[in-house]
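Okay, here's what each chain looks like letter by letter:
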Amino acid sequence: MSHDALPTRPLGRTGMAVTRVGFGAWAIGGADWAFGWGAQDDRDSVAAIRHAVERGVNWIDTAAIYGLGHSEEIVREALAGLPASRRPYVFTKGGLVWDPANPGGMPQRVGAAASLRREVEASLRRLGVERIDLYQMHWPAHDGTPLEEYWQTLLDLKRAGLVGAVGLSNHDATQLEIAERIGPVDTLQPPFSAIDRGAAAAELPWCQRHETGVIVYSPMQSGLLSGGFSAARAAALPANDWRARSADFRDPALGRNLALAEALRPIAARHGTSVAAVAVAWVVGCPGVTAAIVGARSPAQVDGWLDAARLELTPANRAEIAAAIRATGAGSGPIPD
């Protein structure tokens, strides 16, 4: 299979140009941790990453916490042997620390400088790289470390050359403003989908004003907008899949969310593509969004959403989706133009 060329966009001020979709490596971390997606086949995960790269996806987003380091190890295995010219950017995140003696317990949000430095060093080892292209603080710290301190630590890691760019994940506009006064926020990673539209209220406009790149996660709302989900599948989710505990996967929200997914089906048919691709294309067409992180656990799942890398929804398509959001009552947050 030949390597495909996909359109790219500048990722804020980082100097990186990224495809409109990137490979999300959360689910491939496996089960047996607080936010696992159930058991995974590592061979399928490696194949999915390699297939995405072969099809032209030029970045991967992972995190130390995904599978308690396992996702980063899978990324390393998948990329082993690739020539530098074909190697995708690798983004990861830190600030969530787990107890090895209690792998299923909730991780702690730690922003202490020494802890973050240890995390970066561990991620470098697991990923098998000398520099991480983008390093992000996964969540605001809860250990008493002020935002100003942990953001300064990330800026110091960038100056030291251990990471190429630094960003914040799951931080709000007020926190972004505080960080920006200390040093430029290269990127933001918020949740964002046609169901979870909260970031459109303040964070996306802030990033537009400050030339901050935005890579959103869960553009298909963890599978609900994939076109392949159902109430029966939600009811059958295993206990070690975090979605079994999510209100989005239980009625009354579940019914509204699935109704919105069905409303995307006629648009997908008119474009000759999948519901998943339409859901992701809607996200990357919103003002302020650079690109979307999309998960996959097999090559077939990659093919299910890859059209979003090129798909341009028309104004009429977007108006139809906005009407469907209002009619179904799915999710919350502003509906971007």
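Keep in mind that what you see is a predicted model, and the values were worked out from it rather than measured. (Residues numbered from 1 in each chain as written. Predicted model: local features only at pLDDT ≥ 70, side-chain atom pairs only at ≥ 80, totals over all residues. Heavy atoms only, no water.)

### Details of the overall build of the chain
Rules: The helix and strand labels rest on DSSP assignments: H or I over at least four residues marks a helix, E over at least two residues marks a strand, and numbering proceeds from the N terminus. A radius of gyration in this sense is built from C-alpha atoms; the matching globule rule multiplies 2.2 Å by the number of residues raised to 0.38. Exposure categories follow from relative accessible area, calculated using a 1.4 Å probe and restricted to protein chains: below 20% of the type maximum is buried, above 50% is exposed, and the middle band is partly exposed. Per-residue and other accessible areas follow the Shrake-Rupley method at a 1.4 Å probe size, with only the shown protein chains counted as cover for residues. Positive charges are assigned to Lys and Arg, negative charges to Asp and Glu, while His and the chain termini are left out of the count. Where a charge lies is defined by one atom per residue type, namely NZ (Lys), CZ (Arg), CG (Asp) and CD (Glu).
Across its full length, the chain carries 11 helices and 12 strands. For the chain, whose C-alpha radius of gyration is 19 Å, the value lies close to the compact-globule estimate of 20 Å for 337 residues. Projected onto its principal axes, the C-alpha positions of the chain cover 50 × 40 × 40 Å. Put simply, the chain has 337 residues, and 56% of those count as buried. Put simply, the chain shows about 13,400 Å² of open surface, and 53% of that area lies on carbon and sulfur atoms. Counting 32 positive and 35 negative side-chain charges, the chain places the averaged centre of each group 3 Å from the other.

### Regarding the pairing of strand β11 (residues 213–216)
The line we're drawing: By convention, a crossover is right-handed whenever its connection, traced from the first strand over the helix to the second and viewed with the strands pointing away, goes clockwise. For two strands to pair, DSSP has to find at least two bridges joining them.
Here β11 shows no split at all, with G213 and I215 on one side and V214 and V216 on the other all buried. In terms of handedness, the path from strand β10 (residues 187–189) via helix α6 (residues 203–210) over to β11 forms a crossover that is right-handed. With 2 bridges joining them, β11 and strand β12 (residues 291–295) adopt parallel strand pairing. For I215, the partnering residue across the bridge sits in β12 and is A291.

### Brief notes about the nonpolar core
Short version of the rule: Note on terminology: a nonpolar core comprises buried Ala, Val, Leu, Ile, Met, Phe, Trp, Tyr and Cys residues joined through side-chain atoms within 4.5 Å. The contact criterion used throughout is that any non-hydrogen atoms of two residues lie within 4.5 Å.
V21, F23, I49, W151, F192, W282 and W305 are the most contacted members of the largest nonpolar core, which has 90 residues in total. If one sorts the elements of this core by residue count, helix α9 (residues 275–284) sits on top with 10 residues. Setting aside chain neighbours within four positions, we find W151 in contact with V166, G167, L168, A179, I182, G183, P184 and V185. If you look at the next biggest cluster of nonpolar residues, it comprises 11 residues, including L11, W59, F91 and Y217.

### Let's talk about the layout of surface pockets
As a reminder of what qualifies: Residues are called lining when one of their atoms sits within 4 Å of a cavity or pocket point, these points coming from a 1 Å grid over the protein atoms alone, where a cavity is a set in which a 1.4 Å probe fits but cannot get out and a pocket is an open set with protein on both sides within 12 Å along at least five of seven lines. Grid points are joined across faces, edges and corners, and a volume is the space filled by probe spheres set on the points. For this classification, the nonpolar set comprises Ala, Val, Leu, Ile, Met, Phe, Trp, Tyr, Cys and Pro, the charged set comprises Asp, Glu, Lys and Arg, and every other residue, Gly included, is treated as polar.
The volume enclosed by the largest pocket comes to roughly 1,100 Å³. Elements supplying a minimum of two residues to the lining of the largest pocket: β12 and α10 (299–305). Taken together, the residues that form the lining of the largest pocket break down as 24 nonpolar, 15 polar and 8 charged.

### Here we look at helix α5 (residues 173–182)
Turn by turn, an α-helix covers 3.6 residues, leaving residues three or four places apart pointing in a common direction. For the record, the criterion: Note that the arc is defined by the directions from the helix axis to the C-beta atoms. Under the rule applied, a polar contact is a pair of N or O atoms within 3.5 Å (in protein, one hydrogen donor and one hydrogen acceptor; residues adjacent in sequence only if both atoms are side-chain atoms).
Within the sequence span of α5, burial applies to A173, Q175, L176, A179 and E180. The buried residues of α5 all sit within an arc of 150° when viewed along its axis, so they share a single face. Within α5, the exposed residues directed more than 90 degrees away from the buried face are T174 and R181. Against the buried residues of α5 lie α4 (147–159), β9 (166–169), β10 and α6. Measuring from the side-chain oxygen of the N-cap residue of α5 to the backbone nitrogen of T174 gives 3.2 Å; that N-cap residue is D172.

### Details of the sheet that holds β9
Note the following rule: Every axis corresponds to a line fitted to the C-alpha atoms, with the helix fit spanning only the stretch in contact, and the corresponding angles, defined between N-to-C directions, vary from 0 to 180 degrees.
Here 8 strands make up a closed barrel; going around it, the order is β3-β4-β5-β8-β9-β10-β11-β12 and the pairing parallel. Shown here is a sheet whose adjacent strand axes are inclined to one another by a mean of 30°, direction ignored. As paired elements, strand β3 (residues 21–24) and strand β4 (residues 59–61) share 2 bridges and run parallel to each other. The partner of G24 across the bridge, within β4, is D61. Lying over the sheet, α9 contacts β3, β11 and β12, oriented at roughly 150° with respect to β12.

### Let's talk about the packing of aromatic side chains
The criterion, for reference: In summary, the pairing rule links any two rings of Phe, Tyr or Trp, Trp by its six-membered ring, whose centres are within 6.5 Å, and it sorts them by plane angle into stacked for under 30 degrees, edge-to-face for over 60 and tilted for everything else.
Throughout the structure, instances matching the rule amount to 9 aromatic pairs. With a centroid separation of 6.5 Å and an interplanar angle of 15°, the aromatic rings of Y89 and F91 are classed as stacked. Using a relative accessible area of 25% as the deciding quantity, one classes Y89 as partly exposed. Ring centres 5.3 Å apart and planes at 70° place the aromatic pair F229 and F249 in the edge-to-face group.

### As for the packing of helix α8 (residues 253–271) against helix α11 (residues 315–328)
We apply this condition: In these notes the angle categories are as follows: under 35 degrees is roughly parallel, over 145 is roughly antiparallel, 65 to 115 is roughly perpendicular, and the rest is oblique. Crossings are assigned a handedness: left-handed for a near helix turned anticlockwise from the far helix by less than a right angle, right-handed for a clockwise turn.
Interaxial distance between α8 and α11 falls to 9 Å at its minimum, and their mutual angle equals 160°. Between α8 and α11, the angle is such that the two are roughly antiparallel. As α8 runs across α11, the sense of the crossing is right-handed. Seen from α8, the contacting residues are R256, A259, L260, A263, L264, I267, R270 and H271; seen from α11, they are N317, E320, I321, A324, I325 and T328. By residue class, the composition of the contact of α8 with α11 is 8 nonpolar, 3 polar and 3 charged.

### Overview of the UniProt feature "domain: NADP-dependent oxidoreductase" (unreviewed entry) in the chain
Filter applied, for reference: UniProt positions are given in the numbering used here, feature names are shortened, and annotations may be inferred rather than shown by experiment.
In the numbering used here, UniProt assigns the "domain: NADP-dependent oxidoreductase" (unreviewed entry) feature to residues 21–324. End C-alpha atoms of residues 21–324 are separated by 24 Å, and the span's content is 39% helix alongside 12% strand.

### With respect to the packing of helix α1 (residues 42–54) against helix α2 (residues 70–79)
Taken N-terminus to C-terminus, the directions of α1 and α2 make an angle of 55°; their axes are 9 Å apart at the nearest point. Between α1 and α2, the crossing angle belongs to the class labelled oblique. Considering only the axes of α1 and α2, their crossing is right-handed. Between α1, through D42, S45, V46, I49, R50 and V53, and α2, the contact on the second element is made entirely by H70, I74, V75, E77, A78 and L79. Here the residues of the contact of α1 with α2 sort into 7 nonpolar, 2 polar and 3 charged.

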